[in-house]
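One letter stands for each residue in the lines below.
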Amino acid sequence: MLVQDLVAAMERIAPLEYAEPWDKVGLLVGSRTKPLNPKVLLTIDLTESVLAEALALQAGAIIAYHPPIFEPLARVTDKTPQQRIVLGAIEAGIAVYSPHTALDAVPGGICDWLCEGLSGGEGKVIGDCRALVPHAARQQSQEVKIVTFVPTGHAETVRNALATAGAGIIGGYRVCSFTSAGTGTFLGDPGTSPVVGKRGELESVSEHRLEMVCSKSALSLALETLRRFHPYEEPPVDVYELLPKPQRNFGPGRRLHLDRPTALGELAERLRRHLGSCIRVADCGHTGGISTLGVCAG
């Protein structure tokens, strides 16, 4: 295995696109192309004692939930604990990876795990659980939509041409499009050469509306290709920017609505058992059952 294999496995579990924009996630120390010692140490915080443990185990990598490098480092010496940790990992050839808020945001991640304990579920959340801020996702191949109008009988030619330029990709599918029939009108100026009808006369033409998604990077080539294969002298073209699609179960924090109202003391006890450690509770004097909770890791 290479370090890259470990990185790929972590990004399957917690894709970095779900991390907060301010966060410092991913591979922080190490070379992706280096062979990976199969021993991997997991920790919440990479302290000097944890690094010493990794060295004793001859670990090839450390997965640290909190990023050990957050603020920019002006130098890497043995002057401060943070610098010593980074320097020690580099000298020992230990890769360091941090998932942090990406692991918080994904389904089954840290926030959902906390909701499992608060809801009283074992391995699942009992109640309605959603992200406080749903992550807005947009596939690169679906950043814009190209819409054009072609005379009946020419839609297939234009569709196939656009597909060769990178339009019409949705997930694992290619040449994706939508067509609908209608009637177009035009009045050509004296200097025009209309494919259908005559210049200077108002014409009504049976046309098809053709729609295909496209990435912004492929848009210019797609439009150039469309003009080349479209039969009209002046092809009608609209380009619409597509909004990202919110994903209810991905994103920071959780809104947990319990199936049954639960007293604050019981919720605290559930969380204590789930974490396996002591907790602190700020009791605001709430006496009734609680139905809705806000949950945020960290």
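Residues numbered from 1 in each chain as written. Predicted model: local features only at pLDDT ≥ 70, side-chain atom pairs only at ≥ 80, totals over all residues. Heavy atoms only, no water.

Visitor: Give a detailed account of the pattern of salt bridges, specifying residues and quantitative values.
Guide: As enumerated under the stated definition, the model contains 13 salt bridges in all. Arginine 254 is the salt-bridge partner of aspartate 112, the closest N and O atoms lying 2.7 Å from each other. Taken as a pair, aspartate 112 in helix 5 (residues 110-119) and arginine 254 in strand 12 (residues 254-262) lie far apart in primary sequence, 142 residues in all. Using a relative accessible area of 11% as the deciding quantity, one classes aspartate 112 as buried. For lysine 145, the salt bridge is made with glutamate 211, and the minimal N-O distance between the two is 3.3 Å. Placement of the pair is lysine 145 in strand 7 (residues 144-151) and glutamate 211 in strand 9 (residues 202-214), with a sequence separation of 66 residues. (Salt bridge = Lys/Arg side-chain N within 4 Å of Asp/Glu carboxyl O. Helix = DSSP H or I, 4+ residues; strand = E, 2+ residues; numbered from the N terminus. Buried < 20%, exposed > 50% of the residue type's maximum accessible area, 1.4 Å probe, protein only.)

Visitor: Tell me about the layout of surface pockets, and name the residues and values.
Guide: Here the largest pocket defines a volume of roughly 320 Å³. Lining the largest pocket are 15 residues; nearest its centre among them are Phe186, Pro194, Tyr232, Glu233 and Glu234. For the lining of the largest pocket, the element with the highest residue contribution is strand 8 (residues 178-187), accounting for three residues. Class assignment for the residues of the lining of the largest pocket results in eight nonpolar, three polar and four charged. (1 Å grid on protein atoms, 1.4 Å probe; cavity = no way out; pocket = protein on both sides within 12 Å on 5 of 7 lines; lining within 4 Å. Points joined across faces, edges and corners; volume = space filled by probe spheres on them. Nonpolar A, V, L, I, M, F, W, Y, C, P; charged D, E, K, R; others polar.)

Visitor: Describe the packing of aromatic side chains, listing the residues and the values that go with them.
Guide: Counted according to the given criterion, the structure contains two aromatic pairs. Lysine 24 extends its terminal NZ or CZ atom over the ring of phenylalanine 70, reaching a point 4.8 Å from the ring centre. (Phe/Tyr/Trp six-rings, centres within 6.5 Å; stacked < 30°, edge-to-face > 60°. Lys NZ or Arg CZ within 6 Å of the ring centre and 35° of its normal.)

Visitor: Before we move on, could you go through the packing of helix 5 against helix 8 (residues 264-275) and cite the residues and values that matter?
Guide: Remark: helix 5 packs on helix 8, axes separated minimally by 7 Å, with the N-to-C direction vectors making an angle of 125°. The orientation of helix 5 relative to helix 8 falls into the category oblique. In this structure, helix 5 crosses over helix 8, and the sense of that crossing is right-handed. Residues Trp113, Leu114, Glu116, Gly117, Leu118 and Ser119 of helix 5 pack against Leu267, Arg270, Leu271, His274 and Leu275 of helix 8. Counted by class, the contact of helix 5 with helix 8 contains six nonpolar, three polar and two charged residues. (Axes fitted to C-alpha atoms, helices over the stretch in contact; angles between N-to-C directions. Parallel < 35°, antiparallel > 145°, perpendicular 65-115°, else oblique. Left-handed = near helix turned anticlockwise from the far one by under 90°. Contact = heavy atoms within 4.5 Å.)

Visitor: Which residues make up the environment of valine 29, and what are the values?
Guide: Checked against the element boundaries, valine 29 lands in strand 1 (residues 26-29). Along the backbone, valine 29 and lysine 145 are 116 residues apart, and their C-alpha atoms lie at a distance of 40 Å. Residues in contact with valine 29, not counting those within four places in the same chain, are Ile69, Val86, Ala89, Ile90, Ile94, Ala95 and Val96.

Visitor: Account for unusual backbone geometry, with residues named and values stated.
Guide: For glutamine 58, which is not glycine, the phi torsion reads 55° and is therefore positive. Turning to its location among the elements, glutamine 58 is positioned in the loop between helix 2 (48-57) and strand 3 (61-64). A relative accessible area of 57% means that glutamine 58 is categorised as exposed.

Visitor: Any details on the sheet that holds strand 12? Residues and values, ideally.
Guide: One open sheet holds the three strands; their spatial order is 5-12-13, and the pairing between them is antiparallel. Where the open sheet ends on each side, the last strands, each with one partner, are strand 5 (128-131) and strand 13 (290-295). On average, each strand axis in the sheet is inclined to that of its neighbour by 20°, with strand direction left out of account. Summarising the sheet, strand 5 and strand 12 pair through four bridges and their orientation is antiparallel. Along strand 12, the bridge assignment pairs aspartate 128 with histidine 257. Sheet strands in contact with helix 5 are strand 5, strand 12 and strand 13, and its direction is about 10° off that of strand 12. Helix-sheet contacts for helix 8 involve strand 12 and strand 13, and the interaxial angle to strand 12 is about 120°. (Pairing = 2+ DSSP bridges.)

Scope: geometric values only; no functional claims are made or implied.
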